[in-house]
Amino acid sequence: MENIITVEHLSKKYNQNTILNDINLTIQSGQIIALLGKNGAGKTTLINIMLNLISHDSGSISIFPNSKHPKEHIGVMMQDNITLTRITVKEIIELTRSYYKTPKTYQKLIEISDLKQFEHSKMSQLSGGQKRHLAFSLAIAGDPELLFLDEPTSGMDSKSRIDFWQEILQLKKQGKTIFVTSHYLEELENVADRIIILKDHQIKFDDSIAQLRLLQGQSLIEFDSNILDVFGNLTNLKKLNHFGTHYQLITSDPELLMQELSPYLKGVTNLKVHQNSLDSLFNSFEEGKKND
Ligand SMILES: Nc1ncnc2c1ncn2[C@@H]1O[C@H](COP(=O)(O)OP(=O)(O)OP(=O)(O)O)[C@@H](O)[C@H]1O
């Protein structure tokens, strides 16, 4: 599959402070990629460099290498809301549409922004959450192949967030690529195909949540049963707690352990599998802890 983004040996300093040091990254189409990192880790800086909005000190970035006009394939929703105040919602959507050869229709964009009743309102009259909705519809106005979303749901209420991620999953189904940063890790947990963690100026993890769980996590499988003496044969079991007929099995790979347990599950009741959340995996990764 073609790489739509290739970043090689990218480094960036502000004054004498290293922000990014030897970043290497390739991105193929059709995935949702979540870029994680603590406040100030360099996520926005990396996105801004990829978008050619700020300079870098060394290394190279290539985006849509086979296209003469790579910018036409990119939509962007940055962290800061749009600052225009006097222009109306309708005007800014129409203005943004006019930049593209084959934009989405006005009707579609106003529907996605959920601002039909505010279409003649000035930007200054919108709430923070409404501005985020509008920023999203402007980002997809040109029907881009690649979307950069920096903290897209900050300021959105919970219903809006759910609708927003549904829309993102629809875009992924259409083969679009989404590169997103967010501190709401519970939102990313069910949608991200790939997690990239920026830490100490470098990419310290780049793989799926399942792999992060294997590396970092532990999951708990618990049930009630009268089965005895099968646990010594389970290769994916890290630890066993046993209270009467109640069993707690700790594992880094719950799927494999469930497969191993499957011959014995007939005699089992109250089976529950608890997986570590992305939030706790990320926090323990940041702290350099492994849950062995
Ligand atoms: N124009 C600038 N001049 C000097 N330092 C800057 C500038 N822009 C960003 N920085 C610094 O670069 C570092 C990375 O900032 P960046 O905004 O990329 O982090 P981030 O990971 O996006 O953070 P957050 O999660 O808080 O949005 C921070 O320490 C920030 O203070």
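Bear in mind that the values here come from a model prediction, so they are computed numbers and not experimental data.

## Thoughts on the domain arrangement of the chain
Step number 1: The domain architecture assigned to the chain consists of domain 1 (3-212) and domain 2 (218-275).
Step number 2: The centre of domain 1, based on its C-alpha atoms, is set 41 Å off from the matching centre of domain 2.

## Quick word on the sheet that holds strand S8 (residues 194-199)
Step number 1: The 6 strands lie next to each other as S5-S6-S7-S3-S8-S9, forming an open sheet whose pairing is mixed. Either end of the sheet is taken by a strand with one partner, and the two such strands are strand S5 (74-77) and strand S9 (202-207). On average, each strand axis in the sheet is inclined to that of its neighbour by 15°, with strand direction left out of account.
Step number 2: As paired strands, S8 and S9 are joined by 5 bridges and run antiparallel to one another. What sits directly across from Ile196, in S9, is Asp206.
Step number 3: Sheet contacts for helix H1 (residues 43-50): strand S3 (32-36), strand S6 (146-150), strand S7 (177-181) and S8; angle to S6, the most-contacted strand, approximately 150°.
Step number 4: Helix H5 (residues 158-173) rests against S3, S6 and S7 of the sheet, and its axis sits at about 145° to S7.

## Details of the sheet that holds strand S10 (residues 219-225)
Step number 1: Strand order in the open sheet formed by 4 strands is S11-S12-S10-S13, and the pairing between neighbours is antiparallel. Here the strands that pair on one side only, and so sit at the sheet edges, are strand S11 (239-243) and strand S13 (268-274). On average, adjacent strands in this sheet sit at an angle of 15° to one another, irrespective of strand direction.
Step number 2: With 5 bridges joining them, S11 and strand S12 (residues 246-251) adopt antiparallel strand pairing. In the strand pairing of S12, Asn241 is matched with Gln248.
Step number 3: Helix H8 (residues 254-261) contacts S10, S12 and S13 of the sheet and is inclined by roughly 25° relative to S10.

## Details of H1
Step number 1: Of all 8 residues making up H1, 6 are buried, and the element is well covered by its neighbours.
Step number 2: Lys43, Thr44, Leu46, Ile47, Ile49 and Met50 are the residues of H1 that are buried.
Step number 3: Positive backbone phi, approximately 65°, marks Asn52, located one or two places after H1.

## Considering the site of the ligand
Step number 1: In the vicinity of the ligand, the contacting residues are Tyr14, Ile19, Gly37, Asn39, Gly40, Ala41, Gly42, Lys43, Thr44 and Thr45.
Step number 2: Counting residues per element, the shell around the ligand draws most heavily on H1, at 3 residues.
Step number 3: Grouping the constituent residues of the shell around the ligand by class yields 3 nonpolar, 6 polar and 1 charged.

## Structural notes on the pairing of S3
Step number 1: For S3, the buried fraction is high: 5 of the 5 residues fall into the buried class.
Step number 2: Burial along S3 is two-sided: Ile32, Ala34 and Leu36 and Ile33 and Leu35, pointing in opposite directions, are all buried.
Step number 3: Alignment of S3 against S7, held across 4 bridges, turns out to be parallel. Paired with Ile32 across the two strands is Ile178, which belongs to S7.
Step number 4: Direction of pairing for S3 relative to S8: parallel, over a ladder of 4 bridges. Bridge pairing links Ala34 to Ile195 in S8.

Reading the values: rules and limits
Residues numbered from 1 in each chain as written. Predicted model: local features only at pLDDT ≥ 70, side-chain atom pairs only at ≥ 80, totals over all residues. Domains from an automatic or database assignment. Pairing = 2+ DSSP bridges. Helix = DSSP H or I, 4+ residues; strand = E, 2+ residues; numbered from the N terminus. Axes fitted to C-alpha atoms, helices over the stretch in contact; angles between N-to-C directions. Contact = placed C-beta atoms within 7 Å. Buried ≥ 20, exposed ≤ 12 C-beta atoms within 10 Å, placed from the backbone. Near = placed C-beta within 6 Å. Nonpolar A, V, L, I, M, F, W, Y, C, P; charged D, E, K, R; others polar.

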